Amino acid sequence: MWQEARALEGAGYRVTVICPRGNGRDSEREAVLDGVRILRYPLRPATGGPAGYLREYPVALAWTLRLALRVRREGPVDVVQCCNPPDLLFLIALVLRVGGARFVFDHHDLAPELVASRFGHASVLRAGTLMLERMTFAAADAVISTNESYRRVAIRRGKLDPALVTVVRSAPDLARFQRLAPDPGLRRGKRYLLAYLGVMGPQDGVDYALRALAHLRWRLGREDVHAVFMGAGDAYDDLLALRDRLGLSDIAEFPGRVSDEAVRRCLSTADVCLAPDPRNELNDVSTMNKIVEYMAMARPLVSFDLTEARVSAGPAAVYVRPNDEEAFASAVGGLLDDPELRERMGRIGRERVENSLSWDCSRRTLIDFYDGVLGRSSRWMRLAGRTRRYIRPFRGFGPTAAADAGQDPARDSTRSGRGHDSEHDQVDRAEYDEVEGQEGQRRRQRVRVRAEHHAL
């Protein structure tokens, strides 16, 4: 989400991000970073299963609404962009829609499948998340999907017109992902270094990686490997306990969240990177950011055989039977013993990112998407047979949600909405088309008027 906010700001939008405060960092109530205004609110992360989320979400929703209304009082908002989970932020967009905002749903997770991967297929939870997902799709004026699999869900399950759904892939900024000189000290005296980078939740498979590492050590006799697991999440403490039970405390390092420089240094040193996400309904069709980030650093990787993992990595990864920890360990060992293959896979991965998977490609798609959204009236206005005069094109990019509070500050993203027009706002179709055509031409020319637009 932070990349999207910065890209919009760089294109001339005024962007406001609403998100929870970080833990130990990103804790200011209000800040401006890279030209993006950030409003933060206090929130205690959910613990204790589904009940914890039932406590967290109403608090987050109330704070987001309060801050969104504050932004609206300061001036018009044209687009509210909401990132899930949860599929509840459309309620904020509906409130702002009264003022004429459009609603963009930034579809980052399949919430029904996410809940199933964490808590099982409880019928009540499944039905509830499916209902909220349908309501979110129904309310959206346009949808951003992270890959083609998610786009198909929006079209088939969400019953959306394909023209309203655009793929904007999560992608690494190559300016940030540049290799450094290897740091031999990270190997802790071992010959090889394995690396994991990412969230550590129940669905992320770090436990599979630990059991594969135990197999590599105790069954395959590899004592020449050290592993670093960078990141955090609600399974972090459980993973530390599992590491100790498996007898890996001396070779499996968990530094928590680390700086960008530490990430680059570790990935520049790593011999093999790990993508242990197990196959389930969610992971099979989700794009894992860590895979593309490994590739950006020219690192070979091992992954379970997932649909979207293959789409991203292609021949830059070794794929093994889904959820087979012993096969995963054997594949890691095989790569460690083949330096030429590692070098070739790393080179292929970097070239794939440079040619089609970098943030530069996604950024251009995002800006074109926004120009399209703001070049047409809300579909709900059209359904009501009414249009709104498009005079001062303020733009909104609203309560945004990033992956977690420890990453780049944007955590929740809002959307655009529909407007209830006063009499003087209504125009006939010919006049509306003329106004919209003039605005579209000005946007295509990237004129200075863009600096006036506000994105929430």
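Right above here is the structure, for reference.
Just so you know, these numbers come straight off a predicted model, no measurement behind them. (Residues numbered from 1 in each chain as written. Predicted model: local features only at pLDDT ≥ 70, side-chain atom pairs only at ≥ 80, totals over all residues. Heavy atoms only, no water.)

### Regarding the packing of helix α7 (residues 206–219) against helix α12 (residues 325–336)
It is the contact of α7 with α12, at a shortest axis distance of 8 Å, that shows an interaxial angle of 65°. Both α7 and α12 take part in a crossing whose hand is right-handed. On α12, the residues that touch Tyr208, Arg211, Ala212, His215 and Leu216 of α7 are Glu325, Glu326, Phe328, Ala329, Val332 and Gly333. (Axes fitted to C-alpha atoms, helices over the stretch in contact; angles between N-to-C directions. Helix = DSSP H or I, 4+ residues; strand = E, 2+ residues; numbered from the N terminus. Left-handed = near helix turned anticlockwise from the far one by under 90°. Contact = heavy atoms within 4.5 Å.)

### Topic: the packing of aromatic side chains
Applying the stated rule across the entire model yields 9 aromatic pairs. Consider the rings of Phe105 and Phe137, whose centres lie 5.5 Å apart with planes at 75°: the pair is edge-to-face. Remark: Phe137 occurs in helix α5 (residues 123–139) and Phe105 occurs in strand β5 (residues 102–107); sequence separation between them is 32 residues. You can call Phe105 buried: its relative accessible area is 2%. Looking at Phe137, the relative accessible area reads 0%, which means it is buried. Measuring from ring centre to ring centre gives 5.9 Å for Phe369 and Tyr370, while their planes differ by 70°; the resulting arrangement is edge-to-face. (Phe/Tyr/Trp six-rings, centres within 6.5 Å; stacked < 30°, edge-to-face > 60°. Buried < 20%, exposed > 50% of the residue type's maximum accessible area, 1.4 Å probe, protein only.)

### Remarks on helix α8 (residues 236–245)
Taken residue by residue, α8 has Tyr236, Leu239, Leu242 and Arg243 as its buried positions. All buried residues of α8 fall inside an arc of 115° around its axis, so they share one side. What points out from α8, more than 90 degrees from its buried face, is the exposed set Asp237, Asp238 and Arg245. Downstream of α8 by one or two residues, Gly247 has phi in the positive range, about 70°. (Arc of directions from axis to C-beta.)

### Comments concerning the nonpolar core
Counting residues in each nonpolar core, the largest one holds 65 residues, and the members touching the most others are Leu194, Leu213, Phe229, Phe254 and Leu267. Once residues within four sequence positions are removed from consideration, Phe254 is found in contact with Met200, Val206, Leu210, Phe229, Tyr236, Leu239, Leu240 and Arg243. Counting 27 residues, the second-largest nonpolar core is a separate cluster that includes Leu89, Phe90, Ile92 and Ala139. (Core = buried A, V, L, I, M, F, W, Y, C linked by side-chain atoms within 4.5 Å.)

### Overview of empty space enclosed by the protein
Going through the model one piece at a time under the given rule, you end up with 7 cavities of 30 Å³ or more. Counted as a void, the second largest cavity has a volume near 60 Å³. Along the walls of the second largest cavity sit Leu194, Ala209, Ala212, Leu213, Leu216, Leu274, Phe328, Ala329 and Val332, which together make up its complete lining. For the lining of the second largest cavity, the elements supplying multiple residues, two or more each, are α7 and α12. (1 Å grid on protein atoms, 1.4 Å probe; cavity = no way out; pocket = protein on both sides within 12 Å on 5 of 7 lines; lining within 4 Å. Points joined across faces, edges and corners; volume = space filled by probe spheres on them.)

### Side note on the sheet that holds strand β12 (residues 301–304)
If you trace the 6 strands from one edge of the open sheet to the other, you get β10-β9-β8-β11-β12-β13, paired in parallel fashion. With one partner strand each, in any of the chains shown, β10 (252–256) and β13 (317–320) form the two edges of the open sheet. Going across the sheet, the axis of each strand differs from the next one's by a mean of 25°, ignoring polarity. Contacting β8 (192–197), β9 (225–230), β10, β11 (272–275) and β12, α7 runs over the sheet at an angle of about 175° to β9. (Pairing = 2+ DSSP bridges.)

### A short note on the layout of surface pockets
Considered as a void within the structure, the second largest pocket measures approximately 150 Å³ in volume. Lining of the second largest pocket is provided by Arg21, Arg29, Arg40, Trp63, Arg66, Leu67 and Arg70. Per-element tally for the lining of the second largest pocket: the top contributor is helix α2 (residues 50–74), with 4 residues. Residue composition of the lining of the second largest pocket, by class: 2 nonpolar, no polar and 5 charged. (Nonpolar A, V, L, I, M, F, W, Y, C, P; charged D, E, K, R; others polar.)

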